[in-house]
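# Residue-level structural notes
So the chains spell out like this:
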Amino acid sequence: MTLPNNYKELQFYKTKVFLLAVNYKVQNQLLKKEILMKEENKQIVFTGALSLDDTHKSTRYQLIVKRKYPITYLVVTMSALSFLLYYAFKDESTSQQTAIILTMGTMAVGLICLAIAAYYIYKKRSKDLYKMDPIISKEAKYTANDDGLKIEMMSEVVRYHKWEDLLESYEFSDMFLIYVNSISIIYIPKSFFKTQEDINEFSTLLLQKPKK
């Protein structure tokens, strides 16, 4: 029995459509798998060399992070000094108003001198730390992924940190401050990143990953 040509053509097109549908499904699954693998293994790569100004900023941010205890200490100390100065100035020949004015004036001058001294001390400390570490001013390559942060210099791995090994991290307007422990700190200027998207993704990694 001979089948009509249109029937054969219909069967041919049905088979072709079926094969195309199967091929599309397979390709779609492979594409999804590839996208998923890329997302899981996505890396943020950025480079940069730390400057003396970056070190100054890092020192200032460290003071901001730890400001709770110094401020408490300062308030208690200044209150005690004010009390002592007031009674030092207050005697039979000095009125209460004059004693208060003298106390406030002395405290104001003392605070200004303290602020100036603290500014130059932290500047000098930053400069000394920068000079003491010859590696700090060299350009480094940073690679961040789901596992941790790798820092390379001269094609050699200088440091590698898993996210769970980090103590804590802080984000400022122009810099990330990462505490490996209470002494060791990694500071990364945001200018090292190529795009704002990379900055946002790195920030997300720091927020999501467990730390000690």
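A brief report on the enclosed structure follows. (Residues numbered from 1 in each chain as written. Predicted model: local features only at pLDDT ≥ 70, side-chain atom pairs only at ≥ 80, totals over all residues. Heavy atoms only, no water.)

### Here we look at the pattern of salt bridges
Pairs may arise between side chains of opposite charge once their charged atoms sit close together. In plain terms, the rule: The term salt bridge refers to a side-chain nitrogen of Lys or Arg lying within 4 Å of a carboxyl oxygen of Asp or Glu. The numbering of helices and of strands both runs from the N terminus, where a helix is a DSSP run of H or I of at least 4 residues and a strand a run of E of at least 2. Burial here depends on accessible area, computed with a 1.4 Å probe over protein chains only, as a share of the maximum for the residue type. Under 20% is buried, over 50% is exposed, and the range in between is partly exposed.
By the definition in use, this model includes three salt bridges. Between Asp53 and Lys57 there is a salt bridge, and its shortest N-O distance comes to 3.7 Å. Here Asp53 pairs with Lys57, and both are found in helix α2 (residues 52-65), just four residues apart, close to one helical turn. A residue is classified by how much of its surface remains accessible, and Asp53, at 42% relative accessible area, is partly exposed. Across the salt bridge formed by Lys57 and Asp174, the nearest N and O atoms sit 3.1 Å from each other. Here the residue Lys57 occupies a position in helix α2, and Asp174 occupies one in the loop between β5 (168-171) and β6 (175-179), the gap between them amounting to 117 residues. Salt bridges here are not isolated pairs; linked through shared partners, they connect Asp53, Lys57 and Asp174.

### What about the environment of Ile188?
Operational definition: A contact between two residues is defined here by any heavy atoms of the two lying within 4.5 Å.
Among the structural elements, Ile188 can be located in strand β7 (residues 185-189). The exposure class of Ile188 is buried, given its relative accessible area of 0%. Beyond its immediate sequence surroundings of up to four residues, Ile188 is in contact with Phe46, Tyr142, Leu149, Met175, Phe176, Ile178, Phe193 and Phe202.

### Some thoughts on the packing of aromatic side chains
Formally: Any Phe, Tyr or Trp ring, taking Trp's six-membered ring, that has another such ring centre within 6.5 Å forms a pair; planes under 30 degrees apart are called stacked, those over 60 apart edge-to-face, and the others tilted.
Tallied over the entire structure, the rule returns ten aromatic pairs. Their ring planes at 40° and their centres at 5.9 Å tell us that Tyr142 and Phe192 sit as a pair that is tilted. You can see Tyr142 sitting in strand β2 (residues 140-144) and its partner Phe192 sitting in the loop between β7 and α5 (196-208), a full 50 residues away along the chain. In this structure, Tyr142 and Phe192 share a single accessibility class: buried. Pairing Tyr170 with Tyr179 gives two aromatic rings, centres 6.1 Å apart and planes at 80°, and the pair type is edge-to-face. Residue Tyr170 is classed as partly exposed on the basis of its relative accessible area of 27%.

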